Amino acid sequence: MTEHEVSRNERFDAYLVGKRSNRVFVVDRDRCKGCRICVSVCPYQALEMSREKTQRGYFFPIENGNCTACKQCLYACPDFVLSVHKLEEVTVGGETA
Amino acid sequence: MEIDFSKLGHNLEDKLTSKMLPHIWCSGCSLGTNLQSLVRGAVMTGMDMDKEMVMISGIGCTGRASGYVEFDGFHTTHGRAIPFASGVKTGNPNLEVIVFSGDGDLFSIGGNHFIHAARRKLDMTIICTNNSVYGLTGGQASPTTFEYSTTTTTIDHNLRPFNLVDLALGAGADFVARYTSAHFKILPRIIKQAIETDGVAFIDLISGCPAIYGKRNGYPTADYMVKNFLEASVEIEVKEDGSHLLSENTRVEFDRTKGYTKIPIGVFRRQHR
């Protein structure tokens, strides 16, 4: 497993992913309902469920370093939890989306 | 490198009503995936979602969908989504009308309206989230509940279900397709084709209700449900003599212990006036 960057606030987990580390994979913990669909559709086994719970009492997905930003989980997620952004669009002082 | 957390919303956040989310649907419900596929399909058409499209939904879990997206929309009374949509289309023919509703709403109380909409060939897109149960009211049998499946009103035996593709083909819809909610990769393209069809386009979207129907009928969890959909799906082979459209070749098969065993998927009819 490679070492990778994670930034967190009270709502979002943002992982730096992709082959050239230029994508940001985001988990919106407030919306997650812990259905595990993202874990089962991921073709690279990059997601696993957390051991702690969200404020609303659900387990949520965490990224383990294999993510390639292919967006399969994003399309499958029924709760609009996951998203993938370009790094330069979401950094402080970067371009606006 | 510092991340600006205010920019980390969902990729489709400007198409969704953010203050309504998280939605009311259960954990693992297919409706969210279907709604996201619909929004992606609508974005792919290149039309202005706010000005050129209207989304009408009926009553039920699926009825809530019109409140979560930035389409102009209306949440109609039970079963009357298609009559309301016919009125919208007649009043303003420039609008693209999308009816997004469930099997209980469209084919039980609204069944009559569906066959007449297909007969009249008004330009509208009807997307039916077919989960074989009345989920919102606690799991009663719906017109598409399978013959040997358990619901709160059918203990071990039910009458024969509707084959929605067969019904739409017989009533004369111009575009008829069936996919499952697990085909989220191809669905936006199919929805785009359906929206662009002049005439009634019908998509039978096989979906799951793991919390209420699945736990009694062989798919108790959402991740098993997605795998079950992908394993049971069979792409239809288009034949010269049209035998792929016969009722026995378009029927969905279901086993109470394993979930779905055969789902014929694909586009069954595609015609332009």
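Residues numbered from 1 in each chain as written. Chains lettered and ligands numbered in written order. Predicted model: local features only at pLDDT ≥ 70, side-chain atom pairs only at ≥ 80, totals over all residues. Heavy atoms only, no water.

**Quick word on the pairing of strand β5 (residues 59-63) of chain A**
All names here are of chain A.
Phase 1 of the analysis: Summarising the sheet, strand β4 (residues 47-53) and β5 pair through four bridges and their orientation is antiparallel. In the sheet register, M49 faces β5, and the bridge partner there is P61.
Phase 2 of the analysis: The antiparallel hairpin formed by β4 and β5 contains five residues in its connecting segment, where G57 sits at a positive phi of about 95 degrees. (Pairing = 2+ DSSP bridges. Helix = DSSP H or I, 4+ residues; strand = E, 2+ residues; numbered from the N terminus.)

**Some thoughts on the packing of aromatic side chains**
Phase 1 of the analysis: By the definition in use, this model includes 13 aromatic pairs over all chains.
Phase 2 of the analysis: Arranged with centres 4.4 Å apart and planes meeting at 5 degrees, the rings of B:F74 and B:F84 form a pair that is stacked. On the criterion of sequence distance, the pair formed by B:F74 in strand β2 (residues 72-75) and B:F84 in helix α3 (residues 81-91) is long-range, its members being ten residues apart.
Phase 3 of the analysis: Judged by its relative accessible area of 41%, B:F74 is partly exposed.
Phase 4 of the analysis: Look at B:F84 and you get partly exposed, because its relative accessible area is 32%.
Phase 5 of the analysis: Ring geometry for B:F146 and B:F254: centres 4.7 Å apart, planes at 5 degrees, overall stacked. Note that B:F146 is positioned in the loop between β6 (140-141) and α6 (164-171) and B:F254 in strand β10 (residues 253-255), a separation of 108 residues in sequence. In this structure, B:F146 and B:F254 share a single accessibility class: buried.
Phase 6 of the analysis: Cation over ring: A:R29 sits above A:F60, and NZ or CZ is 5.8 Å from the ring centre. (Phe/Tyr/Trp six-rings, centres within 6.5 Å; stacked < 30°, edge-to-face > 60°. Buried < 20%, exposed > 50% of the residue type's maximum accessible area, 1.4 Å probe, protein only. Lys NZ or Arg CZ within 6 Å of the ring centre and 35° of its normal.)

**What to know about the interface of chain A and chain B**
Phase 1 of the analysis: Contact with chain A, which involves 38 residues of that partner, is made by 33 residues of chain B.
Phase 2 of the analysis: Carbon and sulfur atoms supply 62% of the area buried between chain A and chain B, which totals about 3,100 Å² over both sides.
Phase 3 of the analysis: In this assembly, chain A and chain B are joined by two salt bridges.
Phase 4 of the analysis: The residue B:E13 makes a salt bridge to A:R31 at a minimum N-O spacing of 2.9 Å.
Phase 5 of the analysis: Linking chain A to chain B there are twelve residue pairs in polar contact (both at pLDDT 80 or more).
Phase 6 of the analysis: Counting residues per element, the ones that place at least two in the side of chain A that touches chain B are β1 (6-8), β2 (12-17), β3 (23-28), α1 (37-41), α2 (72-76), β6 (82-86) and α3 (87-90) of chain A. (Contact = heavy atoms within 4.5 Å. Buried area = accessible area lost by both parts, 1.4 Å probe. Salt bridge = Lys/Arg side-chain N within 4 Å of Asp/Glu carboxyl O. Polar contact = N/O pair within 3.5 Å; in protein donor to acceptor, adjacent residues only side chain to side chain.)

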